[in-house]
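Below are the chains, spelled out letter by letter.
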Amino acid sequence: MKSLAGLFTTAAVAAALTLGLGATSAVHAFDEHESTIDYRQGVMSAIGGNVGAIAAVVVDGADYGDNLQMHTSQLVDLSQDIPSLFPEGSDFPETDAKEEIWDDWERFEELASDTREAAEALHTAVEAGDEDEYAIRFRDLGQSCQACHDDFRRE
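Everything numeric in this text was worked out from a predicted model, so none of it was measured.

Caption draft 1: Inspection of the environment of Ser113 at higher detail. Its location among the elements puts Ser113 in helix H5 (residues 105–128). Ser113 gets classed as buried once you look at its relative accessible area, which sits at 18%. Linking Ser113 and Pro83, residues 30 residues apart in sequence, is a C-alpha distance of 9.1 Å.

Caption draft 2: View of the nonpolar core. Counting 28 residues, the largest nonpolar core has Phe86, Ile101, Phe108 and Leu141 as the members making the most contacts within it. Ranked by residues supplied to this core, first place goes to H5 with 8 residues. Setting aside chain neighbours within four positions, we find Leu141 in contact with Val51, Leu75, Thr115, Ala118, Ala119 and Leu122.

Caption draft 3: Layout of the environment of Ser35. Mapping Ser35 onto the fold places it in helix H2 (residues 32–58). Under the relative-accessibility criterion, Ser35 is labelled partly exposed at 37%. Linking Ser35 and Ser90, residues 55 residues apart in sequence, is a C-alpha distance of 9.7 Å.

Caption draft 4: Just a negative patch on the surface, in detail. Together, Asp81, Glu88, Asp91, Glu99, Glu100, Asp103, Asp104, Glu106 and Glu109 make up a region of like negative charge exposed at the surface. When contributions to the negative patch are tallied by element, the ones reaching two or more residues are helix H4 (100–103) and H5. Along the polypeptide, Glu88 turns up in the loop between helix H3 (68–78) and H4. Glu88 gets classed as exposed once you look at its relative accessible area, which sits at 72%.

Caption draft 5: Fine view of the layout of surface pockets. Its volume calculated, the largest pocket comes out at about 480 Å³. Lining the largest pocket we find 20 residues, and of these Met44, Phe86, Asp96, His149 and Arg153 sit closest to its centre. Secondary-structure elements contributing two or more residues to the lining of the largest pocket are H2, H5 and helix H6 (131–152). A per-element tally of the lining of the largest pocket places H2 first, with 6 residues. Each residue belonging to the lining of the largest pocket can be placed in one class, and the counts come to 11 nonpolar, 6 polar and 3 charged.

About the thresholds
Residues numbered from 1 in each chain as written. Predicted model: local features only at pLDDT ≥ 70, side-chain atom pairs only at ≥ 80, totals over all residues. Heavy atoms only, no water. Helix = DSSP H or I, 4+ residues; strand = E, 2+ residues; numbered from the N terminus. Buried < 20%, exposed > 50% of the residue type's maximum accessible area, 1.4 Å probe, protein only. Core = buried A, V, L, I, M, F, W, Y, C linked by side-chain atoms within 4.5 Å. Contact = heavy atoms within 4.5 Å. Patch = residues over 30% accessible without salt bridge, like charges linked within 9 Å, V, L, I, M, F, W, Y side chains within 5 Å. Areas by Shrake-Rupley, 256 points an atom, 1.4 Å probe, with all protein chains shown as cover. Salt bridge = Lys/Arg side-chain N within 4 Å of Asp/Glu carboxyl O. Lys, Arg positive; Asp, Glu negative; His and termini not counted. Charge placed at Lys NZ, Arg CZ, Asp CG, Glu CD. 1 Å grid on protein atoms, 1.4 Å probe; cavity = no way out; pocket = protein on both sides within 12 Å on 5 of 7 lines; lining within 4 Å. Points joined across faces, edges and corners; volume = space filled by probe spheres on them. Nonpolar A, V, L, I, M, F, W, Y, C, P; charged D, E, K, R; others polar.

Following this line, the structure appears as structure tokens:
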């Protein structure tokens, strides 16, 4: 005879499997590009969150300087291949991405590379503890992000 706890465990596992199968079916029903757009928006939001946290420290003086290296490291990782987040066919009108991304792909790649390089330069300054460089490198990062947003993002 099964214990009461065993019955609950069995029921919980059965429920989880049933829910999991339902979720799998729903994921398969999702259009490929919708999931790509969701992923892209998540990555770009993570970039924005890290930039906001860095601004709070570097610009506003928040007392979280010990976290700068973590945030700049994440920016470097997240910005490694921004163009891969924009495959052809993911230019739905309900996104902030302008069609100009795919029309001027070389310029988009150039600006994404500028952002990656600016993130790397900021991270290098933070790793070195070169506080005199933080504001300069952060400004460069902001300018590179803004240049791309000006040309390729709906506001």
